[in-house]
Structure formats: structure tokens, C-alpha cells
2 protein chains.
Amino acid sequence: MTSPPLHPDTAPFAFMLGTWRGRGDGSYPTIDDFGYTEEITIGHVGKPFLAYSQKTKHAETGQPLHAESGYWRFPAPGRVELVIAHPTGLLESLSGTVQLIDDGANIELTCPDVVTTATAVDVERTVRRFRFDGDSVSYDLAMAAVGQPLTHHLAATLHRVGD
Amino acid sequence: MTSPPLHPDTAPFAFMLGTWRGRGDGSYPTIDDFGYTEEITIGHVGKPFLAYSQKTKHAETGQPLHAESGYWRFPAPGRVELVIAHPTGLLESLSGTVQLIDDGANIELTCPDVVTTATAVDVERTVRRFRFDGDSVSYDLAMAAVGQPLTHHLAATLHRVGD
């Protein structure tokens, strides 16, 4: 199957495409620290968005921990949107800035108002930062949740392992 | 790779699992009618949710049309939640009822307040109905959008083609 060409809106972000694997660490004032392995997949179908999904597993037990899926949008130069659904019943509509660097970018996104289903845990807002740099990507995620102020939660570094 | 057993919350809904393919028809007062082909995938990792994704293509040209991805949750008997992200910058938090039938279910879900990014089209609310019946699933979707009241938009029937 031949891939279609990238849409002009996504073409500047071809460095994001692929399958990425790595390791991260999680913490939050209300839980024990934990380590995890992660796989992120970013793909496209020639339309003006990139499809995004990730899965994590516990670093020691290998048990599935988190997953999320959604879409990246690049509505204007320097601007980025990311919509994500979580199996825990959360929805994030993130928006922010993207600053291109050589073969990569610094991306900063905020979701001021996380949507939760009636039975989901109470997450209020999130801040996500990504640094794509060649064949590696690092991110960190902070959240205000369960009565805590905006607090660091996750940080990970992954490497591209395939298209 | 061996699949883990279904989580007790999702075990009653094993009939939803698999890859489904079929055809649908779309209409809305503001656009021309259109036909589409669709593939839906519903899977699990042994946790209390089912992962959901779908893609549609134009029935005549084969060009990709829509996609969406998210998660099904079954928080209490007879209750269902579905969170979905769209590449058009929409997020739906749907909740409703599931009525089990012989080897299937009738599911009715509403999203009273669709979340949109700053650059997304204006969709206000959605109603989705699914009927899983053995190896077939039919759904219809109505939406209030771009100033129109709640109006039928999509209907499709798909058949299970694989696990």
C-alpha cells in the first residue's frame, strides 16, 4: 500500500511520523512513583491532521497501564491543536504553540478544561510539552487533578523505531 | 501474542469485539448526500474498557473521509459511556443505555455538549444509536450543528470480518 503525500498543513511536521518507543517516569502527590514503557504511533492519510495513539505498560510487570488516542491539527503557522480521548473517560482539547527547530520542534499545549464522563476521575486541566529532535522525542505532562494544583505527573523519552 | 481475558466490566460485551466493514449513507441540510464505506475496529487489553476506532472512505472515489477514535466504558449495569476524538477538532463525551439482546445489544448514547477546538466546525450535540446483532452492527447518528436543530446525519450497516 502506497502512502499518499502529506497534506500541506502537515508537511512541515513530517518529523513527527512513525512509531516511537521509550521509557518514562510518573509521579503525583496522591500516588506512588512508577516507571513505564511506552509506544507512540503518529500517522497520516493525506488529510490535514496526524493520527496519534499511545500505550504504556508498567516497567516491571509489563501490565498495560494507560492508553490514549486522538489527532494533531496545525491550523495556522506556529499554532497546534491536539484532541485526545482517554479510556479513563477523559477528553482533552489542547491548543498551543509549535516552534520549529532543525529536524524537530518544541511544542507547548494547554487544556484549560478537561472533559470527564460522570464516572471518570476528576482531572481539571493539563499542560503538555513535547520536544521532537531527530529520532527522539521527549515530553512532560502536568495536571491539576483530584484537588491538587497543576503538578508534574509524567516525563518520558522515546526513540523512533519505524515508519 | 495471546490476548488477555476480558475484564469483568467488558465481558458481557464480547459481541462488540472485532473488525467490522460495511457501507453507509450521509446527509445533512447543509451538504449534498453521500455514500461511504467504513471499517470499525473494537479491541481490548484486559482492562475495563474497549478501544474503538473507525475510518470511512467515499463510496465512489475511495478517498478517506472521516475518522474517529476513542473508548467504550461500562460503568454500571445497563449504562454505557463512549469518549471519542475527531480529527476535525471535535470531542464527544457520550453516555446512555445498553439493553442486551440475544448475542448483541441496543445502545443509545447522547452527547449534550460537543467540545470543539477554536478552529473546528460548530457541532453542538449528537445522538448515536447502535444495534449489535450477531455478526452485524447498524448505527445511526444525528447531530445539531452549524445552526441546524438535531437532524439525522449518518446511517450504516457493517459486518464482522475478523477478530
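Conventions used here
- Residues numbered from 1 in each chain as written.
- Chains lettered and ligands numbered in written order.
- Predicted model: local features only at pLDDT ≥ 70, side-chain atom pairs only at ≥ 80, totals over all residues.
- Heavy atoms only, no water.
- Helix = DSSP H or I, 4+ residues; strand = E, 2+ residues; numbered from the N terminus.
- Contact = heavy atoms within 4.5 Å.
- Polar contact = N/O pair within 3.5 Å; in protein donor to acceptor, adjacent residues only side chain to side chain.
- Pairing = 2+ DSSP bridges.
- Buried < 20%, exposed > 50% of the residue type's maximum accessible area, 1.4 Å probe, protein only.
- pLDDT = per-residue confidence, 0-100.
- Salt bridge = Lys/Arg side-chain N within 4 Å of Asp/Glu carboxyl O.

Note on placement: Arg 73 of chain A falls in strand S4 (residues 64-76). Sequence-distant contacts of Arg 73 of chain A, defined by excluding residues within four places in its chain, comprise Phe 49, Arg 79, Val 80 and Glu 81 of chain A together with Pro 87, Thr 88, Gly 89, Thr 117, Thr 119 and Ala 120 of chain B. Polar side-chain contacts of Arg 73 of chain A include one of 2.9 Å to the backbone oxygen of Pro 87 of chain B.

Take the pairing of strand S2 (residues 31-43) of chain B next. All names here are of chain B. Relative to S2, strand S1 (residues 18-28) runs antiparallel, the two sharing 10 bridges. Paired with Arg 23 across the bridge in S2 is Thr 37. Where S1 hands over to S2, the hairpin turn is made up of two residues, counted between the paired strands. Of the strand pairs in this sheet, S2 and strand S3 (residues 50-58) are connected by eight bridges, and their pairing is antiparallel. What sits directly across from Ile 40, in S3, is Gln 54. Linking two consecutive strands that pair antiparallel, namely S2 and S3, is a turn of six residues; a positive phi of about 90 degrees is found at Gly 46 within it.

Bringing the side chain of Gln 54 of chain B into the picture now. All names here are of chain B. With respect to the helices and strands, the residue Gln 54 is situated in strand S3. Accessibility expressed as a relative area gives 6% for Gln 54, which makes it buried. A distance of 2.7 Å separates polar atoms of two side chains, one belonging to Gln 54 and the other to Glu 38. Not counting chain neighbours up to four residues away, the residues in contact with Gln 54 comprise Glu 38, Glu 39, Ile 40, His 66, Ala 67 and Glu 68.

Close inspection of predicted coordinates is inappropriate in any region flagged by low pLDDT. Looking at chain A as a whole, its pLDDT mean stands at 96, while 99% of the residues score no less than 70. Listed scores for the predicted complex are pTM 0.96 and ipTM 0.96.

Moving on, we get to the environment of Ser 27 of chain B. Residue and element names in this part refer to chain B. Mapped onto the fold, Ser 27 is located in strand S1. For Ser 27, a relative accessible area of 22% corresponds to the partly exposed category. The spatial distance from the C-alpha of Ser 27 to the C-alpha of Ala 144 is 13 Å, given a sequence separation of 117 residues. With residues up to four places along the chain from it excluded, the contact list for Ser 27 reads Asp 33, Phe 34, His 152 and His 153.

Our focus in this paragraph is the pattern of salt bridges. Throughout the structure, instances matching the rule amount to 18 salt bridges over all chains. The partner of Asp 135 of chain A in a salt bridge is Arg 160 of chain A, with the nearest N and O atoms 2.8 Å apart. Within this pair, whereas Asp 135 of chain A is found in the loop between strand S9 (123-133) and strand S10 (136-145), its partner Arg 160 of chain A is found in strand S11 (residues 151-162), the two being separated by 25 residues in sequence. With a closest N to O distance of 3.3 Å, Glu 108 of chain B and Arg 129 of chain B form a salt bridge. Taken together, the positions of Glu 108 of chain B in strand S7 (residues 104-111) and Arg 129 of chain B in strand S9 (residues 123-133) put the pair 21 residues apart, joining distant regions of the chain. Three or more residues are tied together by salt bridges with common partners; here these are Glu 68, Glu 92 and Arg 128 of chain A.

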